[in-house]
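Here is what each chain is made of, one letter per residue.
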Amino acid sequence: MERPGRGGGTANEDNKQQERSLRRDDAHQQYVFSSLRVFALMLRSVFAVLAIASATASAASFDIRGMDRSVRPGDDFYLYANGQWDRDTVIPAGAPFVFGTVNARRTSIERLGSIVDELAADPASRAGALYRSFMDEARLDALGLGPAGPMLRALTGLRSKEAVAEAMGRYGNLGVSTFLAGTVDDDDRRPGHRALHWTSDGLGMGDRAYYQPGTADAAKVAQAYQAYARQLLARAGVPDAPRLAAEVLAFERQLAAPNSPEGGTPVYDKVSLRDMERRMPGVPWHTVTRAFGWPEGRAMLIDEPEVLAVRAAAFRKASVETLRAYLIVRFLDAYAPYLSHDVADLAFAFDQGVLKGVTAPKPRKERGADLIRRFIPDDVESIYAARYFSAAARAEVKALTRHVRDAFARRLANVTWMDDATRKRALGKLDNVIIEVGYPDTWRAYKGLRFEDDDLFGNVVRGEAWQHEWNVAQLDVPVDRHEWRCLYPSTVNACSDDTRLALFLPAGFLQAPTFDPDADPAQNYGRLGETVGHELTHQFDRAGSTFNEDGLRAPWWPAAVRERFLAREDALVKQYDAYEAAPGMRVDGKRTLGENTADLGGLNIAYDAYRAALDGKEPPVVDGFTGDQRFFLSFAQNNHGKYTADGLRHVLLTNEHAPGHQRTFEVRNVDAWYRAFDVEPGDRLYLPPSERVRIW
Ligand SMILES: [Zn+2]
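What comes next is a walk through the structure. Treat the numbers as computed from the prediction; the structure is a model and nothing was measured.

Attention shifts here to helix H6 (residues 149-156). Taken residue by residue, H6 has Gly149, Met151, Leu152 and Leu155 as its buried positions. Around the axis of H6, the buried residues are gathered within 165° of arc, so they sit on the same side. Buried residues along H6 sit in contact with helix H7 (161-173), helix H13 (320-335) and helix H19 (456-473).

Among the nonpolar cores identified, the biggest contains 186 residues, and Phe77, Trp198, Phe331, Tyr335, Leu505, Phe632 and Trp673 are the most heavily contacted of them. The biggest single contributor to this core is H13, with 10 residues. Counting the residues that make up this core, at least three belong to each of domain 1 (22-108 + 376-691) and domain 2 (145-338). Dropping the residues within four chain positions of it, Phe77 is found in contact with Phe632, Leu633, Ala636, Thr664, Phe665, Val667, Trp673, Phe677 and Leu685. With 7 residues, the next largest nonpolar core counts Cys486, Cys495, Ala502 and Phe504 among its residues.

As a further point, take the environment of His657. Turning to its location among the elements, His657 is positioned in the loop between helix H24 (645-654) and helix H25 (660-664). Expressed as a C-alpha distance, the spacing of His657 and Leu593, which sit 64 residues apart in the sequence, is 8.2 Å. Of note is the side chain of His657, whose polar atom sits 3.3 Å from the side chain of Glu595.

Relative to the assigned elements, Asp333 resides in helix H13. For Asp333, a relative accessible area of 2% translates into the label buried. Polar side-chain contacts of Asp333 include one of 2.6 Å to the side chain of Tyr228.

Bringing the state of the cysteines into the picture now. Tallied over the full model, the rule gives 1 disulfide. The disulfide that involves Cys486 links it to Cys495, with 2.1 Å between the sulfurs. Across the S-S bond linking Cys486 and Cys495, the dihedral sits near -120°, which makes this disulfide left-handed. Residue Cys486 is classed as buried on the basis of its relative accessible area of 0%.

Moving on, we get to the pairing of strand S4 (residues 194-199). The element S4 is largely enclosed, with a buried count of 6 among its 6 residues. Side chains of S4 alternate between two faces, with Arg194, Leu196 and Trp198 and Ala195, His197 and Thr199 buried alike. Bridging between strand S3 (residues 181-186) and S4 involves 6 bridges; their strand directions are antiparallel. Paired with Asp185 across the strands is Ala195, a residue of S4. Across 3 bridges, the pairing between S4 and strand S6 (residues 300-302) is parallel. Its bridge partner being in S6, His197 is matched across the sheet by Leu301.

Bringing the packing of aromatic side chains into the picture now. Throughout the structure, instances matching the rule amount to 48 aromatic pairs. Centroid distance Tyr335 to Tyr338: 6.3 Å. Interplanar angle 75°. Geometry classified as edge-to-face. In this pair, the class of Tyr335 matches that of Tyr338, namely buried. Centroid distance Phe565 to Trp696: 6.2 Å. Interplanar angle 50°. Geometry classified as tilted. Taken together, the positions of Phe565 in helix H21 (residues 559-577) and Trp696 in the segment after helix H26 (671-677) put the pair 131 residues apart, joining distant regions of the chain.

Definitions and limits used
Every chain's residues receive numbers from 1 upward, in the order its sequence appears when written. Only residues with pLDDT of at least 70 are given local features in this predicted model, and only at 80 or more are side-chain atom pairs given and counted; all residues enter the totals for whole chains, interfaces and linings. As a rule here, side-chain values come from all non-hydrogen atoms in the structure, and water together with hydrogens is ignored. Residue burial is assigned from relative accessible area. The probe radius is 1.4 Å, only protein chains are included, and a residue is buried under 20% of its type maximum, exposed over 50%, and partly exposed in between. Secondary structure elements follow DSSP: runs of H or I of four or more residues count as helices, runs of E of two or more count as strands, with numbering from the N terminus. In this context, the arc is that of the directions from the helix axis out to the C-beta atoms. Contacts are residue-level and defined by heavy atoms, with any inter-residue pair within 4.5 Å sufficient. For the purposes of this section, nonpolar cores are sets of buried Ala, Val, Leu, Ile, Met, Phe, Trp, Tyr and Cys residues that join through side-chain atoms within 4.5 Å. What fixes the domain bounds is an automatic or database domain assignment. Polar contact criterion, stated in full: a pair of N or O atoms within 3.5 Å, where within protein one must be able to donate a hydrogen and the other to accept it, and residues adjacent in sequence count only if both atoms are side-chain atoms. We call a pair of cysteine sulfur atoms a disulfide when they lie within 2.5 Å. Strands are labelled as partners when DSSP assigns at least two bridges between them. Side-chain rings of Phe, Tyr and Trp (the six-membered ring for Trp) are treated as a pair once their centres are within 6.5 Å; stacked means planes under 30 degrees apart, edge-to-face means over 60, and tilted covers the remaining angles.

Take a look at the structure:
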């Protein structure tokens, strides 16, 4: 799972709004198309795959050619389902891995690109103006840092902490990520209402782990960050850049401590301005909140009180000179992509290269489309939805999600580790979850937001300011749980919004191979059905147990229920800890536990839903495979992925998901899989029934 913070200059562009308590299952999210050459390569592979699909569509809808039938399914179900795909698939140059959804991503990007091309050719289009301003590279290079001049001079002129705090608020409103960050977001104790939140943000290296002494990687990244800060400061004409860059790094190290415990008890810290002044003196809190444009006298929530206290202490100790340098670095980092090449390249090399391992930027046209989606997404997404997601497909997916939901309800009603009262509440919670399919029912108009052809920098400032004002204006507007705030309709991914109890399945995600209205139901349930089941179980796992049936941040499991759940999960930890994914490198059973638990639930639920959807009829045997076999094969093929050695190492060390190969081994815990493939004692994946993990 992933819970992104509020967005700054390095925001993931495929994520609609970086807000709190959103979860995206991001195992497939990290792949970034990295060069024009790769773009061409991928185009070819799109056509290749389409050709295979049409050749086999009438025979079987899963990828028979991708299988390796010399492997026994009970020995390695992943290789049985994907062995040939693994051998045939080439990882594009510069990419850490490639997944089966890569073609769907490419299709989605191309479709979006063609819409953007049309808008770019329309002189009256607002999206077109924004795009044209981004594509005029010659003009950007001629202007250099010029457009940023006034904002830069305002920063170099800061002479007091009061002024620094005010600037932090004001620049924060314009998309500059600083350590005193605030936003309007849902009130975790009052469902349907929003509140003012103090959030944690403003670290140049993003992840707090990079600031802790220890690994060689962290030291290397810190060194690169210091060099990057020095170059930005020098480029801005700040004297003594090397010393100040070192001070910025040292200062951020103070901001980064302590590391908040993962999965700790949720905090609900409601404070007044006076409380903050008393608890964390030395920071002009009033000045910052006024700069945010927050209404006076309202209570505020501190999301991570210990972190904010540490940051306040660091602010107190720091000199104005250090704070000024820090702000200049944060400002240039956020706006570099909209300035001349030299600065944009510096930011790319660090934010994308050093931090994410991306070796070349996405094609500029794609980044231009990303920029439109950042500020006025519905201007293009509404066209995408109307063009590429039919009403019939939407209705079919809704029917599938109903079957999945019903199957989960039947399982929830029978789980033995819950007591009667908890089971009842769980069923009530499942009832409250909404599933949004394809695209929103209403589109936003972004009233008053205008863009100019010849002013990229100003466009970004206006876009950020508009979003900030809109965000603050939401404070007294009731929460609309149907609001698409985590993903775009064209995104090839799904998102679960914990506090709003809402699951989002974008049109971009609902295309082949994940969902295909013409495909065998076994495939749609093995892929999409499993994913929907997986996402739904997240509402009833360790994380979901801290949000109740109203989306309220309130633990709702009695201690005994929690203990029984954890005991079952423990068996899953041991199972995954035993998998060697690369020579000498095992899967981390603890880190990947939440996702493995959800996979187990998703697989069981989707299987039940598939059988229920058949309505008692036995599906035909196709190409020698029964419906049950095609269901499990589709699940395994949905998990195919190929990694470079580095890519695999990175996933094993940092990702909450196990690599696809080991995710597929979840079938060992599902009785129906044994029946479908006659798996017996002696097969490597065989587990006696008593050792199969059963949670849902
Ligand atoms: Zn998940």
